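Residue-level listing of the chains:
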Amino acid sequence: MKVIVPKNYKTPLDIRETEVAIKKLKDRFEEELSEKMNITRVSAPLFVIRNTGLNDDLNGQEHPVSFTAPNITDLNVEIVHSLAKWKRMALYRYGFQNGEGLYTDMNAIRREEETSNLHSIYVDQWDWERVIEKEDRTEDFLEGIVKKLFDVFKSIEAFTLGEYPQLGEKWLPEKITFITTQELENKYPDLTPKEREGAAAKEYGAIFLKKIGGVLESGEKHDGRAPDYDDWNLNGDIIFWNPLLDCAIELSSMGIRVDSDSLEKQLHISNALDRLNMQYHQMVKSNTLPLTIGGGIGQSRICMYFLRKAHVGEVQASIWSEETEKICKENGINLL
């Protein structure tokens, strides 16, 4: 995908200043996220054994990077796509109670990602998960958690601009706007799903797009979601408008996780009932695992957004095509 180059782009921070700012921003974000959400940092795996059901298949089309570990197991080992399911298992194993949770640094490789200003084959997130009760499985509870996260985002923007006034004015609005995928389709019927996200993000500044994964009235899905971690009626994406790139940027995908009923329903819709034979899915069906809410928050994207960077490669070390490297070098975009 072609690189977007903002007109007269000049980064406010050079490479060394950027590296220092990344550390400051990430440390501050972790502190505030942990305090606001009552979650504790834990260690997490880079890889899992195939066929346990723990790896995330994202939209169902991506293939994980895999390898063998002959001194450990005869089964293939996969680099994680995300830790959506592993976190729920960890909450159970570590004995977390209602209202408590965990977060971790998640690193992944998504080899089939189409790279762009916002996308890299290397993914770094804060993955978080928190135990909830049955009565918390509501849209009101979901929105309450989103508002807490948005407060963290606003605080981080204020902190970053205070540390580096040369970054300019604040971009975030005072509140985040909640809208469903169906409301978005009704509002912008002639636009594609991604164009709808952009139009709404530009109008409101920050949106939480609810109910992703199911089929809309048009007969199409807004976007794909794996059927076995988020409840498609109780999930969503946090999306901000990026004035520098003149586009929407998704900062987080999150939601209330499937219970026994929604798991079976979504697996049936997805023709994936065979997954019920896997350990993770059996533990959801038997109500062994706790009910939870959780999500991922993109570390590089947060740094890119708040440090006013034009390309994700300015805040993470990855690999890029020769064309991307050439365009960036010619236009003052300093890839790490």
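Reading the values: rules and limits
- Residues numbered from 1 in each chain as written.
- Predicted model: local features only at pLDDT ≥ 70, side-chain atom pairs only at ≥ 80, totals over all residues.
- Heavy atoms only, no water.
- UniProt positions renumbered as here; feature names shortened; annotations may be inferred.
- Helix = DSSP H or I, 4+ residues; strand = E, 2+ residues; numbered from the N terminus.
- Rg over C-alpha atoms; globule rule 2.2 N^0.38 Å.
- Buried < 20%, exposed > 50% of the residue type's maximum accessible area, 1.4 Å probe, protein only.
- Contact = heavy atoms within 4.5 Å.
- Lys, Arg positive; Asp, Glu negative; His and termini not counted.
- Charge placed at Lys NZ, Arg CZ, Asp CG, Glu CD.
- Pairing = 2+ DSSP bridges.
- Axes fitted to C-alpha atoms, helices over the stretch in contact; angles between N-to-C directions.
- Phe/Tyr/Trp six-rings, centres within 6.5 Å; stacked < 30°, edge-to-face > 60°.
- Arc of directions from axis to C-beta.
- Salt bridge = Lys/Arg side-chain N within 4 Å of Asp/Glu carboxyl O.

Where an unreviewed UniProt entry is consulted, the chain appears under the name Aspartate--ammonia ligase, with the organism given as Sebaldella termitidis. UniProt, in the comment section headed Sequence similarities (unreviewed entry), describes the chain in these words: "Belongs to the class-II aminoacyl-tRNA synthetase family. AsnA subfamily." Entered under Subcellular location (unreviewed entry) in the UniProt record, the comment concerning the chain runs "Cytoplasm".

## Digging into the overall build of the chain
Counting its secondary structure elements, the chain contains 9 helices and 11 strands. In terms of C-alpha radius of gyration, the chain reaches 20 Å, essentially the compact-globule figure of 20 Å for 336 residues. With respect to the three principal axes, the spread of C-alpha positions in the chain is 55 × 50 × 40 Å. Here the chain, with 336 residues, has 54% of them falling under the buried criterion. Sequence separation of at least 24 residues holds for 73% of the intrachain contacts in the chain that already meet a minimum separation of 6. The chain carries 42 positive and 56 negative side-chain charges, and their two centres are separated by 2 Å.

## Re the sheet that holds strand β5 (residues 101-109)
Spatially, the 8 strands line up as an open sheet ordered β1-β5-β6-β11-β10-β9-β8-β7, and their pairing is mixed. Of all strands in the sheet, those with a lone pairing partner are β1 (39-41) and β7 (177-180), marking the two edges. Across the sheet, the mean angle separating the axes of adjacent strands is 25° when strand polarity is ignored. Alignment of strand β6 (residues 122-131) against strand β11 (residues 292-298), held across 7 bridges, turns out to be antiparallel. In the sheet register, Asp 127 faces β11, and the bridge partner there is Gly 296. Sitting on the sheet, helix α3 (residues 139-163) touches β6, β7, β8 (206-210), β9 (230-242), β10 (247-257) and β11, and the angle it makes with β9 is about 25°. Sheet strands in contact with helix α5 (residues 193-204) are β7, β8, β9 and β10, and its direction is about 140° off that of β8.

## What to know about the packing of aromatic side chains
Tallying each qualifying case throughout the model produces 8 aromatic pairs. Note on Phe 153 and Phe 240: the rings are 5.2 Å apart at their centroids and 85° apart in plane angle, and the pair reads as edge-to-face. Placement of Phe 153 in helix α3 and of Phe 240 in strand β9 is noted, with a sequence separation of 87 residues between them. Exposure remark for Phe 153: the relative accessible area of 1% places this residue in the buried category. Residue class for Phe 240 comes out buried when judged on its relative accessible area of 0%. Each ring, one from Phe 178 and one from Phe 208, has its centre 5.9 Å from the other, and the planes form 65°; the classification is edge-to-face. Here the residue Phe 178 occupies a position in strand β7, and Phe 208 occupies one in strand β8, the gap between them amounting to 30 residues.

## Some remarks on the environment of Leu 307
Checked against the element boundaries, Leu 307 lands in the loop between α8 (299-306) and α9 (322-330). Counting along the chain gives 289 residues from Leu 307 to Thr 18, while the straight-line C-alpha distance between them is 7.9 Å. The contact partners of Leu 307, leaving out residues within four places of it in the chain, are Leu 13, Thr 18, Ala 21, Ile 22, Leu 25, Thr 160 and Leu 167.

## Focus: α9
Those residues of α9 that sit buried are Thr 324, Ile 327 and Cys 328. Down the axis of α9, the buried side of the element spans an arc of 95°, and every buried residue falls inside it. For α9, the exposed residues set more than 90 degrees away from the buried face come down to Glu 322, Lys 326, Lys 329 and Glu 330. Looking one or two residues beyond α9, the residue adopting positive phi is Gly 332, at roughly 70°.

## A word on the pattern of salt bridges
All told, the structure shown has 25 salt bridges when counted by the stated rule. Here Glu 129 ties to Arg 257 by a salt bridge, and the two come within 2.9 Å at their closest N and O atoms. Pair noted here: Glu 129 is in strand β6 and Arg 257 is in strand β10, with a separation of 128 residues, a long-range link. An identical accessibility class is assigned to Glu 129 and Arg 257; each is buried. In this structure, Asp 237 engages Arg 225 in a salt bridge whose closest nitrogen and oxygen atoms are separated by 2.5 Å.

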